[in-house]
Amino acid sequence: MATRSRGTTALLAVAAGGAWLLVVNALGVGPGAIWRHGPMFVLGALVGVSFLTAGIVAWREHPRNQVGPLMAVLGVAWIPQQVLFFPGRELWALALCGMWAGTACHLFLAFPTGRLTLVSYRVVVGLAYCAAFVLPTAKALRHFPLPLPLRHLADALDASSWQVTVLLAGVVLAFTVKRWRQASVAQRRAVAPVTGASMVATVGFVADRMANLFGPNPLRLPLGFVMLTAFMAIPLAYLVGLMRSRMDHGRVADLVVRLSRRERPDTLRDELAATLRDPGLTVGYWTAEQDRYVDADGRPVDLDPGPSRVVTRVDQGEAPLAVLVHDAALLEQPLLVEAACAAAALALENARLTADLRARLRQLAASRRRMLQWGEAERRRIERDLHDGVQQRLLSVAMTLGLAEAGTDPGRVAPLIGEAKTAVLAALDDLRAVSHGIHPPVLTERGLSGAVKELAAVAPMAVTCDLALDAPLPQAVESAAYYIVNEALANVTKHAAASKAWVRLAHNGRHLLVEVGDDGSGGADPALGSGLAGLADRAEANGGKLTIDSPPGKGTVLKVILPCA
């Protein structure tokens, strides 16, 4: 299919070039006129034919890109310019001989995407088309007897044509240089041949127009030769770029061979960067647990890289696999990117699993680090509570019993013993409170279901419980689930302004689902407070994952999945 398509493209290009030559010959005064005008005419004919044929090839290769149609139109618009070589200087050709210049301005500013991306480009191109039509038409009208006011207007327009040409050419050159300086390495590589030839052609065109102001002079022939050669080089350079793109596709096969000999998984990015010729390429791998893309080290990948870079998503079936953050110039070669990703699909899947594991390890290490810090803070709190509470009470009991033991008045002994008993009972209450912070006694006494029902019973709002726990759970999972429900209901009480809430526990043998929801104000954000962040840390420290759905004004649903195996 590809061979037949390329053969058809070649036939169309050759047929168009032949038709162009026949049309130009028919518009002349006979075949002999071509040879009388020598190499300049032949060179001009090659310019028109090359633009037309290259435009057809480019149009067939990239149907959605407007560069091909613009080149083809420029080749057709070159015909009036070529007819001017013949004797008689046909007035219709003189009136239309500037249309190719307006099309060339359009092509230069729209290359390589075929689109005029800036408003300033559109304004300049519009002015160029107006000048390309008005100025040659004014020159042609001077050959007719005109009323005096129209005659003066035509003379003025014709006299100002070189100033307008120099101004528009200068603006086009300035835009081209600015775009080149702002382009990335990959973009410069893609547009360098065509851009260089177009800049030389623009300068040559201006120099040729300036030389014509001084009548016959020795500079006109070499300047015209340089201009025509540079214009002919533009479509040829574009065709060379198309051939280079096909060679780039051939590097995909080399990519497969290199990946098959890969020793380290972190070289995949380098191999893809070399194949796509984009040193700044970034590869992001999808992690379902975190619901985001991460790099090979597990760090999040920015999916908004800026105007000069774009994101291409790579899927495996319907599931996301990876993203490539690459230079925007590669958008002109979507098949190359697609082929490279297809060739590296297996390696991308392996690298994705590695990146997912690294991201989980990084996340788990951060959660455990925060849990250790929290545990150290809790240890200090318990130590402080024991020192300031239980220890002081027991010391007071010892002193009271000492006074009772040393007392000689029987009436004083009984009150002292009673005071010591009261202090001992208070110390027991303090010990219960401290131990409750370590491991809630209600879990040991009533289990997770009973403990959650007790939390629901003491909550200030109505709490509905759906507790589907048919099998015993590990103690660590029970403790984590209890504290998650406790903290979640506390957050509902403090922040949600809810009238009702619900708690759902579901155990499928491998995981425990903990869900706490309310009908409150919503808008909960873990980044705005330590409560939800602490819940996430507790879930991650136990190998689980926390998700929050909290649209403003529509309540909050908090879900935690804890592994039980």
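Residues numbered from 1 in each chain as written. Predicted model: local features only at pLDDT ≥ 70, side-chain atom pairs only at ≥ 80, totals over all residues. Heavy atoms only, no water.

### Thoughts on helix H17 (residues 475-496)
Because each turn of an α-helix spans 3.6 residues, side chains separated by three or four positions in sequence point in the same direction.
Then step 1. If you check H17, its first and last C-alpha atoms are 30 Å apart, about what 22 residues at 1.5 Å a residue would give, namely 32 Å.
Then step 2. After H17 finishes, the residue Ala497 shows a positive phi value of roughly 50°. (Helix = DSSP H or I, 4+ residues; strand = E, 2+ residues; numbered from the N terminus. Expected span 1.5 Å × (residues − 1).)

### Digging into the sheet that holds strand E9 (residues 556-563)
Working definition: the strands of a sheet are paired by backbone hydrogen bonds and lie parallel or antiparallel to each other.
Then step 1. Strand order across the open sheet formed by five strands is E5-E6-E7-E9-E8, with mixed pairing between neighbours. The open sheet has two free edges, formed respectively by strand E5 (462-468) and strand E8 (545-549), since each of these has just one partner strand. Mean inter-strand twist for the sheet, computed between neighbouring axes without regard to direction, equals 10°.
Then step 2. Note that E5 and strand E6 (residues 500-507) share seven bridges and pair parallel. Considered in E6, the bridge of Asp466 is made with Arg504.
Then step 3. Running over the sheet, helix H16 (residues 441-458) touches E5, E6 and strand E7 (511-518) and is turned about 170° from E5.
Then step 4. The strands touched by H17 within the sheet are E5, E6, E7 and E9, with E7 carrying the most contacts at an inclination of about 10°. (Pairing = 2+ DSSP bridges. Axes fitted to C-alpha atoms, helices over the stretch in contact; angles between N-to-C directions. Contact = heavy atoms within 4.5 Å.)

### Thoughts on the environment of Ala104
Then step 1. Relative to the helices and strands, Ala104 is located in helix H6 (residues 99-110).
Then step 2. Put simply, Ala104 and Met71 are 33 residues apart on the chain and 8.1 Å apart in space, counted from C-alpha to C-alpha.
Then step 3. Residue contacts for Ala104: discarding those within four places in its chain leaves Leu74 and Phe231.

### Let's talk about the packing of helix H7 (residues 119-141) against helix H9 (residues 161-182)
Then step 1. Contact pair H7 / H9: the axes reach a minimum separation of 11 Å and the direction vectors enclose 155°. In terms of orientation, H7 and H9 fall into the roughly antiparallel class. Of the two possible hands of crossing, H7 and H9 adopt the one that is left-handed. Contact with H7, carried on its side by Ser120, Tyr121, Val124, Leu127, Ala128, Ala131 and Leu135, involves Ser161, Val164, Leu168, Val171, Val172, Phe175 and Arg179 of H9 and no other residues of that element.
Then step 2. Among the residues forming the contact of H7 with H9, the class breakdown is 11 nonpolar, two polar and one charged. (Parallel < 35°, antiparallel > 145°, perpendicular 65-115°, else oblique. Left-handed = near helix turned anticlockwise from the far one by under 90°. Nonpolar A, V, L, I, M, F, W, Y, C, P; charged D, E, K, R; others polar.)

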